[in-house]
Amino acid sequence: MAGSLQGGRTSRRIGHVTFRAILTLFMVAILNFLLFRVIPGDPADMLLAGARNSVSAEQIESQRKSWGLDRPLIPDQLLNYLSTTFQGDLGYSFKFSGRRVADLILERLPATIALVGVAQVIAILCGVMLGIYAGWRRGGAIDHVVSGTSLALYSTPPFWLGMVLVLVFSTALGWLPGYGSYSPSAATADLPDWLGDRARHLVLPVLAIALGLIGQYVVVARAAMSDVVTEDYMVTARAKGLTSGQMLMRHAFRNALLPVVTLVTLNLGYIVSGAITVESVFAWPGIGSLTVEAVNGRDYPVLQGVFLLLGLSIVVANLVTDLAYGILDPRVR
Amino acid sequence: MKNPCQQAKAPILAVEGLAVDYRLRGSSLPTIRDVSFEIQAGEAVALVGESGSGKTTTAMAIAGLLPPNAAVSGGEVRYRGDRLPIDDDAAMRPHRWSEISVVFQGAMNALNPVHRIIKQIAEPCQLQLGMSRDEAIARARELLELVGISAERGRAYPHELSGGMRQRVMIAMALACSPSIVIGDEPTTALDVITQAQILKLLTALRSQLNLALILITHDLSVVAECCDRVMIMYAGRLVEDGSVADIFANPKHPYTKLLIESIPNPEHGKRMVRPIPGDPPTLQHRPSGCAFRSRCPSAMPVCATEVPNLKRWEQGRVACYLHPPMKHEEKALANA
């Protein structure tokens, strides 16, 4: 009976969390629409501004009409945006004339996922393990080295780290390529060479992102573990005759993981948004670069698309966090 | 000369001259000094004192569970005549839980919140007794029934149980490896009075059923009266009095014990208000010379400031106070020792 009660509570919680996610996504879409509309200036005016003398007021008005800007902002334009967006239509880019926003984003997505995804996986594995170990052996020599280095890495801007990496490993030593995601010469090579070329291009930008993330994960995991080792149930475990390793694996690890999981899954949401600064440093053709280009070109539809994608991934990451937390911590089930 | 009845039985636990120091910013603070006592199999002894008197530190030292900033600086603990390696974590491990187990206070934090209680009870059976997983679970189910919880509740997590239930789980866990000695570190402190009474009744019943020796750490003398044979009073890291419950309550020798007993609210003695002991116990950093209690003692004498009074044996127990000189034959025994 207790089990079914528990099960009912769990599914109700999942339903609640999912409903909240959908509601949040709806709000994100509305905000996304309004955010760019409150910026002063009219898109038609701005687009045709360069040709002010040869364009008549009637022509501007007809352009506004064809974009639907003559109709009231709320509710007509908003409803139109929401209905097209939720049908999966993100509109057309201003800058890359005539190209669909969805196509532009999908084109850039693989490069960004490869870059930030690999960096995240490396950072999670290294950072969480190192942080947990440092917290477990608090005050020891390894803890001092790991915590000190992590704090330094955490507080270093990734783009600066990227530039230093390029200077050292690309410009000075010439070991690795310093920009782009592939060499044109290797674009037509056979699979192993093609993969090797892509991997070599990944190393420096991945490092630039991963090192900072490792610092962040170490700091959080260490703090979580430091809290756990002072808990009463650790004394109980010791009294029960567990070895230090058994205490770590059976009683400390999962408890220390709780705050870390929140951070990690939330960070996973940023995989699709790209790393704007690092992508710029390495001329990496990902979402981050697309965002920069869109800002420079006042490409509102693309910006809206990117922001919506970011919003979506953060909401999904939040959802995953909530569900993962329920699995790890019975108290929130 | 010892009481013949005590001499007949070999004690299950003997603590001799135990001393514990806490380290604080490089300096060593003497916390426990010269604590000696013996416990017989099946005996229930209370260790009573105010917060900071060293009762928990004493018990944790005996169980080899001192925190990293504390260390045993003298004395020894013998279990059935063999020295326990209380200052060596690895060497102590085989003795843990199967000889001495602990029921910690505030069972909420003493149980791991992310594991089912059955798993936590079964764990020491698997690790210390080498049982298989199924055997350990079966044993844990028996233990749950033993403390009055239906075995089905074993699937619950600690937060799903009431405070009294969690304390029962803690007791079941402490019995997992059939220890001879159970240390109860204020096991009823966080509970309401009714639950407290139930837990004490359970402990008393299990003690006689399993012939357990019980060391009950408490600051609550009413708890002592209910379930212990003997009381040891601690003050500022030393034992000041030791005697049977009946003797100590009827005829306390040490002025501190007297004041402690007078401070218990007793409805039978009319509408008397609770009478607190004036003053505060000395801090670790500022232990006075001589008897630590002298600044609060109504009968302090000049001699109390000179030297710490020894815990001297008399017919009915032991007391450390200059008001109670040792018997003639005891003096001889001390001189011979």
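Residues numbered from 1 in each chain as written. Chains lettered and ligands numbered in written order. Predicted model: local features only at pLDDT ≥ 70, side-chain atom pairs only at ≥ 80, totals over all residues. Heavy atoms only, no water.

Attention shifts here to the overall build of chain B. For chain B, the helix and strand inventory stands at 12 helices and 12 strands. Looking at chain B residue by residue over its 337 residues, the buried ones come to 50%. Counting only contacts in chain B whose residues sit at least 6 apart along the sequence, the fraction spanning at least 24 positions is 66%. Split by element, the accessible area of chain B, about 15400 Å² in all, is 53% carbon and sulfur. (Helix = DSSP H or I, 4+ residues; strand = E, 2+ residues; numbered from the N terminus. Buried < 20%, exposed > 50% of the residue type's maximum accessible area, 1.4 Å probe, protein only. Contact = heavy atoms within 4.5 Å. Areas by Shrake-Rupley, 256 points an atom, 1.4 Å probe, with all protein chains shown as cover.)

Many descriptions give the size of an interface as the accessible area lost when the pieces come together. Residue-level contacts link 23 residues of chain A with 25 residues of chain B. Contact with chain B buries area across many residues of chain A, yet Arg238, Lys240 and Arg250 of chain A alone supply 29% of it, more than any other trio. The shortest N-O distance in the salt bridge between Glu123 of chain B and Lys240 of chain A comes to 3.0 Å. Linking chain A with chain B are 15 residue pairs in polar contact (both at pLDDT 80 or more). Those elements that provide at least two residues to the side of chain A that touches chain B are α1 (2-37), α9 (232-239) and α10 (244-268) of chain A. (Buried area = accessible area lost by both parts, 1.4 Å probe. Salt bridge = Lys/Arg side-chain N within 4 Å of Asp/Glu carboxyl O. Polar contact = N/O pair within 3.5 Å; in protein donor to acceptor, adjacent residues only side chain to side chain.)

Residues and elements named next belong to chain B. For Arg25, which is not glycine, the phi torsion reads 45 degrees and is therefore positive. Within the chain, Ser178 stands out as a residue other than glycine whose phi angle is a positive 45 degrees. Among the structural elements, Ser178 can be located in the loop between α7 (163-174) and β7 (181-185). With relative accessibility at 52%, the residue Ser178 sits in the exposed group.

This part covers the domain arrangement of chain B. Residue and element names in this part refer to chain B. Examined at the domain level, chain B breaks down into domain 1 (12-92 + 183-288) and domain 2 (107-179). The straight-line distance from the C-alpha centre of domain 1 to that of domain 2 is 26 Å. Listed per partner, the contact involves 11 residues of domain 1 and nine residues of domain 2. With both sides pooled, the region where domain 1 packs onto domain 2 buries about 840 Å², and carbon together with sulfur makes up 78% of that total. Sorting the residues of domain 1 by area buried against domain 2 places Ile199, Leu202 and Leu206 first, and these three jointly supply 44% of that buried surface. (Domains from an automatic or database assignment.)

Moving on, we come to the nonpolar core. One finds Leu13, Leu18 and Ile171 of chain B to be the most contacted residues of the largest nonpolar core, which totals 99 residues. Here the element with the most residues in this core is α7 of chain B; it accounts for six residues. The residues touching Leu18 of chain B, leaving out its near neighbours within four places in the chain, are Ile32, Arg33, Asp34, Val35, Thr58, Ala61, Ile62, Val72, Gly74, Gly75, Val77 and Ile86 of chain B. One finds Ala208, Val218, Val228 and Phe282 of chain A within the second-largest nonpolar core, a separate group that totals 48 residues. (Core = buried A, V, L, I, M, F, W, Y, C linked by side-chain atoms within 4.5 Å.)

Turning to a nonpolar patch on the surface, a few remarks are in order. A surface patch of nonpolar side chains, amounting to about 760 Å² of accessible area, comprises Phe159, Trp160, Met163, Val164, Leu167, Val168, Leu173 and Trp175 of chain A. Tracing the chain through its elements places Trp175 of chain A in the loop between α7 (158-172) and α8 (191-229). (Patch = residues over 30% accessible without salt bridge, like charges linked within 9 Å, V, L, I, M, F, W, Y side chains within 5 Å.)

A few words on the environment of Val35 of chain B. Residues and elements named next belong to chain B. Looking at the element boundaries, Val35 is found in strand β2 (residues 27-39). Among the residues examined, Val35 registers a relative accessible area of 0% and is labelled buried. Along the chain, Val35 and Gly75 lie 40 residues apart, while their C-alpha atoms are 8.4 Å from each other. The contacts of Val35, once residues within four sequence positions are left out, are Val15, Glu16, Gly17, Leu18, Thr58, Met234, Gly237 and Leu239.

Looking now at the side chain of Asp329 of chain A. Topologically, Asp329 of chain A is positioned in the segment after α13 (300-328). Among the polar contacts listed, one links the side chain of Asp329 of chain A to the backbone nitrogen of Arg331 of chain A, at a separation of 2.9 Å. Discounting residues that sit within four places of it in the chain, Asp329 of chain A has contacts with Leu258 of chain A together with Val114 of chain B.

Residues and elements named next belong to chain B. Taken in spatial order, the four strands of this open sheet run β2-β1-β4-β5, and their pairing is antiparallel. Looking at strand neighbours, the two that pair on one side only are β2 and β5 (82-83), the edges of this open sheet. Its contacts with the sheet place helix α2 (residues 55-62) against β1 (13-24), β2 and β4 (70-79), and it is angled at close to 115 degrees to β1. (Pairing = 2+ DSSP bridges. Axes fitted to C-alpha atoms, helices over the stretch in contact; angles between N-to-C directions.)

All names here are of chain B. Counting buried residues along strand β8 (residues 213-218), six of its six residues qualify, which places the element largely inside the surrounding structure. Residues Ala213, Ile215 and Ile217 of β8 are buried on one face, and the alternating residues Leu214, Leu216 and Thr218, pointing to the opposite face, are buried as well. Relative to β8, strand β3 (residues 44-48) is paired through five bridges, and the arrangement is parallel. Among the inter-strand pairings, Leu47 is bridged to a residue of β8, identified as Ile217. As judged from the five bridges shared by β7 and β8, these two strands associate in the parallel manner. Paired with Gly184 across the bridge in β8 is Leu216. Handedness of the β7-helix α8 (residues 193-210)-β8 crossover: right-handed. (Right-handed = clockwise from strand over helix to strand, strands pointing away.)

For α8 of chain A, built from 39 residues, the straight-helix expectation of 57 Å at 1.5 Å per residue is missed by more than 12%, its first-to-last C-alpha distance being only 49 Å. Remark: the principal bend of α8 of chain A, roughly 35 degrees, maps to Val203 of chain A, with a proline, Pro205 of chain A, within the next four residues. (Expected span 1.5 Å × (residues − 1). Bend = angle between axes of the 7 residues up to and from the residue.)

The next thing to look at is the pattern of salt bridges. Residues and elements named next belong to chain B. Taken as a whole and judged by the stated rule, the model has 22 salt bridges over all chains. Of the charged contacts in the structure, one is a salt bridge between Glu16 and Arg78, with a shortest N-O distance of 3.2 Å. Remark: Arg78 occurs in strand β4 and Glu16 occurs in strand β1; sequence separation between them is 62 residues. The exposure class of Glu16 is partly exposed, given its relative accessible area of 43%.

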